[in-house]
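# Inside the fold
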Amino acid sequence: MESWSNSSVSSTPLTRQSSDFSLHIEDDASPVLERAIQNVDLILSNQTKALSYVTGQYRTSPWAVAQMKTSLRVLNNALKVGGKVVVSGMGKSYKIASKTVATLNSLRMHSALLHPSEALHGDLGMIREDHNDAVVIISASGNSPELLQMLEYVPLSVPIVLLTCSKASVLAKHPKVVSLLLAEVPTSLSETSMYRLSAPTIPTTVCLTLLDAVAVALSELHIHDYSVRKAVFSVHHPGGAIGINHQLEKLQNKPGDTAGDAAHARGDAASIQPAPE
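Residues numbered from 1 in each chain as written. Predicted model: local features only at pLDDT ≥ 70, side-chain atom pairs only at ≥ 80, totals over all residues. Heavy atoms only, no water.

Glancing now at the sheet that holds strand β5 (residues 177-182). Spatial strand order, β2-β1-β3-β4-β5: 5 strands in an open sheet with parallel pairing. The two strands at the open ends of the sheet, each matched to only one other strand, are β2 (111-114) and β5. Geometrically, the sheet is characterised by an average inter-axis angle of 25° between neighbouring strands, direction not taken into account. Where strand β3 (residues 134-139) meets strand β4 (residues 160-164), 5 bridges bridge the pair, whose relative direction is parallel. (Pairing = 2+ DSSP bridges. Helix = DSSP H or I, 4+ residues; strand = E, 2+ residues; numbered from the N terminus. Axes fitted to C-alpha atoms, helices over the stretch in contact; angles between N-to-C directions.)

What follows is the structure, encoded as structure tokens:
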């Protein structure tokens with residue numbers, strides 16, 4: 001096979017023609033698929049190791065725990081007085097920010113998604129220091145220039161929490177950052193060490209998982225009573241499988257139901273079809 005360079009790749013027309021870089025696989029018994037399965041196993045195994053490593057940090061590192069406590073306190077107190085949590089990141093971190101905002105809002109914690117580049121073109125108005133907002137920025141490297149530029153214009157009175165994989169990074173040392181959510185993993189689990197490409201996989205997994213944990217913990221701080229928290233969650237999920245399950249619970253747990261009412265409820269429940277996602 002002839003060699004190719006970056007210049008030849010970049011000049012390749014974006015068409016739907018067949019690729020010169022891939023192989024046609026005749027059937028599922030092909031050895032190349034066996035190697036691919038081995039790669040899947042390797043990556044899943046390393047993802048698990050990375051999550052275990054981060055879990056260990058929050059069990060053994062007083063520093064990491066102290067930073068987590070500060071982050072939860074800052075975010076909780078912003079919500080307590082009517083502020084919102086603005087979440088921002090660049091690239092894959094922006095995708096993680098989007099999911100985190102959706103999770104927070106579904107748990108009745110007001111949150112908004114901010115793109116760093118759009119922030120510099122007017123969307124900074126989303127951050128309201130007069131409303132006691134707090135900001136979470138996500139940067140695996142901790143060196144995202146777009147976030148560094150955005151921070152120049154965030155008011156000093158707005159607390160900023162950084163989620164990063166590097167506590168020695170530029171953003172981690174930024175004077176406006178009040179606390180860190182650390183998702184550090186050893187270099188042996190970096191993408192370049194494992195499969196020689198820096199495509200984000202391990203950092204995105206640990207960052208997203210850590211933010212899921214923070215969201216759930218924060219929801220319990222924000223709405224301490226479980227029954228209230230559950231009721232609020234169900235109100236915000238009227239559709240899909242989650243909404244159907246809540247409707248079933250309401251039908252089956254109505255107070256004062258007789259045996260006949262319960263049977264009727266089960267019949268009603270059976271007729272409920274999941275809403276399209």
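Further remarks concern the pattern of salt bridges. Following the criterion strictly, the structure yields 3 salt bridges and no others. Residue K99 is joined to D212 by a salt bridge in which the shortest nitrogen-to-oxygen separation is 2.5 Å. One end of the pair, K99, is in helix α4 (residues 92-106); the other, D212, is in helix α8 (residues 202-222), with 113 residues separating them in the sequence. Take K99: its relative accessible area is 34%, and that puts it in the partly exposed class. Given a relative accessible area of 26%, D212 falls into the partly exposed group. (Salt bridge = Lys/Arg side-chain N within 4 Å of Asp/Glu carboxyl O. Buried < 20%, exposed > 50% of the residue type's maximum accessible area, 1.4 Å probe, protein only.)

Moving on to the packing of aromatic side chains. In this structure the tally under the stated criterion is 0 aromatic pairs. A cation over an aromatic ring shows up here: K167 above the ring of W63, its NZ or CZ 4.9 Å from the ring centre. (Phe/Tyr/Trp six-rings, centres within 6.5 Å; stacked < 30°, edge-to-face > 60°. Lys NZ or Arg CZ within 6 Å of the ring centre and 35° of its normal.)

Two elements in contact, helix α2 (residues 31-60) and helix α3 (residues 62-80), have axes separated by 6 Å at closest approach and are oriented at 90°. Considering their axes alone, α2 and α3 lie roughly perpendicular with respect to each other. From α2, Q57, Y58 and T60 reach across to α3, where they touch P62, A64, V65 and M68. A class-by-class count of the residues in the contact of α2 with α3 yields 5 nonpolar, 2 polar and no charged. (Parallel < 35°, antiparallel > 145°, perpendicular 65-115°, else oblique. Contact = heavy atoms within 4.5 Å. Nonpolar A, V, L, I, M, F, W, Y, C, P; charged D, E, K, R; others polar.)

Our focus in this paragraph is the pairing of β4. Across the 5 residues that make up β4, a large majority, 5, are buried. Going residue by residue along β4, you find I160, L162 and T164 tucked away on one face and V161 and L163 tucked away on the opposite face as well. Considered for its hand, the β-α-β crossover made up of β3, helix α6 (residues 145-151) and β4 is right-handed. Sheet analysis places β4 next to β5, joined by 5 bridges and oriented parallel. Bridging across to β5, L162 finds its partner in L180. (Right-handed = clockwise from strand over helix to strand, strands pointing away.)

Most often, soluble globular proteins have nonpolar side chains that are buried together. Judged by nonpolar contacts, the single largest core of 38 residues is most densely connected at L75, V87, L163 and L181. Those elements giving two or more residues to this core turn out to be α2, α3, β1 (85-89), α4, β3, β4, β5 and α8. For this core, the leading source of residues is α8, giving 8 residues. The next biggest cluster of nonpolar side chains, apart from the first, holds 17 residues, and it includes L151, V154, L162 and V177. (Core = buried A, V, L, I, M, F, W, Y, C linked by side-chain atoms within 4.5 Å.)

Another aspect to go through is the pairing of β2. One ladder, built from 4 bridges, connects β1 with β2; its direction is parallel. Following the sheet pairing, V86 is matched in β2 by A112. On the question of chirality, the crossover connecting β1 to the parallel β2 by way of α4 is right-handed.

Moving on: the confidence of the model for the protein chain. In this model, the protein chain carries an average pLDDT of 84, and 75% of its residues clear a pLDDT of 70 or more. In the model, residues 1-5 has pLDDT below 50 throughout and makes 3 contacts with residues more than four positions away in sequence or in other chains. Residue range residues 258-277 is modelled with pLDDT below 50. Its contacts to residues more than four positions away, or to other chains, number 19 contacts. (pLDDT = per-residue confidence, 0-100.)

So, about the environment of I137. Tracing the backbone shows I137 in strand β3. Classification of I137 as buried rests on a relative accessible area of 0%. Sequence-wise, I137 and I160 are 23 residues apart; in three dimensions their C-alpha atoms are separated by 7.3 Å. If near-sequence neighbours (up to four positions away) are discounted, I137 is found in contact with S88, L147, M150, L151, I160, V161, L162, L163 and L171.

In this model, α3 (19 residues) spans 26 Å end to end at C-alpha, consistent with the 27 Å of a helix rising 1.5 Å per residue. What α3 keeps buried is the set A64, Q67, M68, S71, L72, V74, L75, N76, A78 and L79. Those residues of α3 that are buried are in contact with α2, β1, β3, β4, β5 and α8. Positive phi appears at G82, one or two residues downstream of α3, with a value of about 95°. (Expected span 1.5 Å × (residues − 1).)

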